[in-house]
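Results of the structural survey
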Amino acid sequence: NFRDGHTTRLGNMTRLQIQQLIAQWVDDTDQGYFTPTIVNVFINNALYEVQKRLILAGENYYVRCVTTPIVQNQNMYALPPDFWGVRRLRIITSGSGPTADRGMIPPITMNQEEMLAKTGLPKGFYLTRDSAKNPVLFVAPAPTSPTWTLEMDYVYIIALMTGDSDIPDVPEHFHEYIALLAAYNCYIKDDKVPKIIVDKKKEYEDLLDEAAENRIMAGPRTVVVTPEGFMGGSVR
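Attention in this report is confined to the structure presented alongside it. The residue numbers shown here count from 1 along each chain, following its written sequence. Where local features are concerned, this predicted model is filtered to residues with pLDDT of at least 70; where side-chain atom pairs are given and counted, the filter is 80 or more; whole-chain, interface and lining totals use all residues. Excluding hydrogens and water, the side-chain figures rest on all heavy atoms present in the structure.

Thoughts on the overall build of the protein chain
- Looking only at helices and strands, the protein chain features 5 helices and 9 strands.
- Secondary structure elements follow DSSP: runs of H or I of four or more residues count as helices, runs of E of two or more count as strands, with numbering from the N terminus. In the protein chain, the succession of α and β elements from N to C terminus is α-α-β-β-β-β-α-β-β-β-α-α-β-β.
- Only protein chains enter the accessibility calculation, which uses a 1.4 Å probe. A residue is then buried if its area is under 20% of the maximum for its type, exposed if over 50%, and partly exposed in between. Across the 236 residues of the protein chain, 41% fall into the buried class.
- Residue contacts are counted whenever heavy atoms from the two residues lie within 4.5 Å of one another. In the protein chain, once contacts between residues fewer than 6 apart in sequence are set aside, the share between residues at least 24 apart is 71%.

What to know about the environment of Ala159
- Relative to the helices and strands, Ala159 resides in the loop between β7 (149–156) and α4 (175–189).
- Distance from Ala159 to Asp169, taken between C-alpha atoms, is 7.7 Å for residues 10 residues apart in sequence.

Some remarks on the packing of helix α1 (residues 15–25) against α4
- The angle between two axes is taken between their N-to-C directions and runs from 0 to 180 degrees, where each axis is a line fitted to C-alpha atoms and a helix contributes only its stretch in contact. It is the contact of α1 with α4, at a shortest axis distance of 9 Å, that shows an interaxial angle of 45°. For the element pair α1 / α4, the angle class is oblique. Note on packing geometry: the crossing formed by α1 with α4 is right-handed. Taking contact as the criterion, the partners of Ile18, Leu21, Ile22 and Trp25 in α1 are, on α4, Glu176, Ile178, Ala179, Leu180, Ala182, Ala183, Cys186 and Tyr187.
- Classifying every residue of the contact of α1 with α4 by side-chain character gives 11 nonpolar, no polar and 1 charged. Working definition: roughly parallel below 35 degrees, roughly antiparallel above 145 degrees, roughly perpendicular at 65 to 115 degrees, and oblique for all remaining angles. By convention the crossing between two helices is left-handed if the near helix lies anticlockwise of the far one by an angle smaller than a right angle, and right-handed if it lies clockwise. Throughout, the ten residues Ala, Val, Leu, Ile, Met, Phe, Trp, Tyr, Cys and Pro are labelled nonpolar, Asp, Glu, Lys and Arg are labelled charged, and all others, Gly among them, are labelled polar.

Digging into the packing of helix α2 (residues 36–56) against α4
- Running from N to C, α2 and α4 cross one another at 125°; their axes reach a closest spacing of 8 Å. One element, α2, and the other, α4, form an angle in the oblique class. Judged by the sense of rotation from one axis to the other, the crossing of α2 with α4 is right-handed. When α2 is examined against α4, the residues Val39, Phe42, Ile43, Ala46, Leu47, Glu49, Val50 and Arg53 are found in contact with a partner set consisting of Tyr177, Ile178, Leu181, Ala182, Asn185 and Cys186.
- The residue makeup of the contact of α2 with α4, split by class, is 11 nonpolar, 1 polar and 2 charged.

Some remarks on the sheet that holds strand β5 (residues 124–129)
- Strands qualify as paired when DSSP identifies two bridges or more between them. Strand order in this open sheet of 3 strands is β2-β6-β5, and the pairing throughout is antiparallel. The strands lining the two open edges of the sheet, one partner per strand, are β2 (76–78) and β5. Pairwise comparison of adjacent strand axes, ignoring direction, gives a mean angle of 30° for this sheet.
- With 3 bridges joining them, β2 and strand β6 (residues 135–140) adopt antiparallel strand pairing. Considered in β6, the bridge of Ala78 is made with Val136.

A short note on the environment of Leu54
- Here Leu54 is to be found in helix α2.
- Taking relative accessible area as the criterion, Leu54 reaches 2% and is therefore assigned buried.
- C-alpha separation for the pair Leu54 and Asp209, spaced 155 residues apart in sequence, amounts to 9.4 Å.
- Setting aside residues no more than four positions away along its own chain, Leu54 makes contact with Glu59, Tyr62, Val170, Pro171, Phe174 and Leu208.

Let's talk about the packing of aromatic side chains
- Between 30 and 60 degrees the pair is tilted, below 30 it is stacked and above 60 it is edge-to-face, where a pair is any two Phe, Tyr or Trp rings, Trp via its six-membered ring, whose centres lie within 6.5 Å. Under the criterion given, the structure shown has 7 aromatic pairs.
- When the centroid spacing of 4.7 Å and the interplanar angle of 75° are considered together, the rings of Tyr33 and Phe34 count as edge-to-face.
- On the accessibility criterion, Tyr33 (45% relative accessible area) is partly exposed.
- With a centroid separation of 5.1 Å and an interplanar angle of 15°, the aromatic rings of Tyr177 and Tyr204 are classed as stacked. Here Tyr204 lies in helix α5 (residues 195–218) and Tyr177 lies in helix α4, a separation of 27 residues in the sequence. Each member of the pair Tyr177 and Tyr204 is classed as buried.
- The rings of Tyr61, Tyr62 and Tyr156 are connected pair by pair, giving a single aromatic cluster.
- Any Lys NZ or Arg CZ found within 6 Å of a ring centre and within 35 degrees of that ring's normal is scored as a charge over the ring. In this structure, Arg64 packs its charged tip against the face of Tyr156, placed 3.8 Å from the ring centre.

Thoughts on the sheet that holds β7
- The antiparallel open sheet is built from 4 strands, whose spatial order is β1-β7-β3-β4. Looking along the sheet, the strands with just one partner apiece sit at the ends: β1 (63–69) and β4 (101–104). Strand-to-strand twist in this sheet, taken as the mean axis angle between neighbours without regard to direction, amounts to 30°.
- Two elements, β1 and β7, share 7 bridges in a ladder whose sense is antiparallel. Considered in β7, the bridge of Arg64 is made with Tyr154.

Okay, here's the thing in structure tokens:
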């Protein structure tokens, strides 16, 4: 337990509280001009933008771990419906839990696949689409043992907020940033964004850009481009 007991939390904001904050900033407290219906669209758009910036900053806040059993000699595996991108792919060849025998499967290009055997222990993966245009994971070589398991850490797409009591799936210190982005969109509708909104928005963006820079300096990240998407990122 790393808590020191001296931290004061900002507290989560509900969608209604974000709405009310936006109404104050755009000077429309009765929400007659920027109605809740319009503002809720801006809020959800801002929610996705905040998530995207956090992901690009290298944050692991949106990472989930899933497993799927190997189907012998099968290359393609369906991705979760909320899939955004791959963080890490491993294959478990024996055991379970923390002591299982795991091997990393790195991203490769489709050309590199041609240099691998047709079947065996997977040595690489890339993202592509199936015949129904759904994103899928392609591993090579095609795995030969039905006792193996694929384990994937992936970035998920957050859910929209649909009710006033909903809390955004964003670290609470970025809840104000959602309101800022939504207020910014309200103002650009009339082409008159106040400087204070622009400046506060830039403060958050500089903070996230700095976090991304620091992560790049800490260690290089590899991106492998394919015709259908890129590894370590999104196919959407």
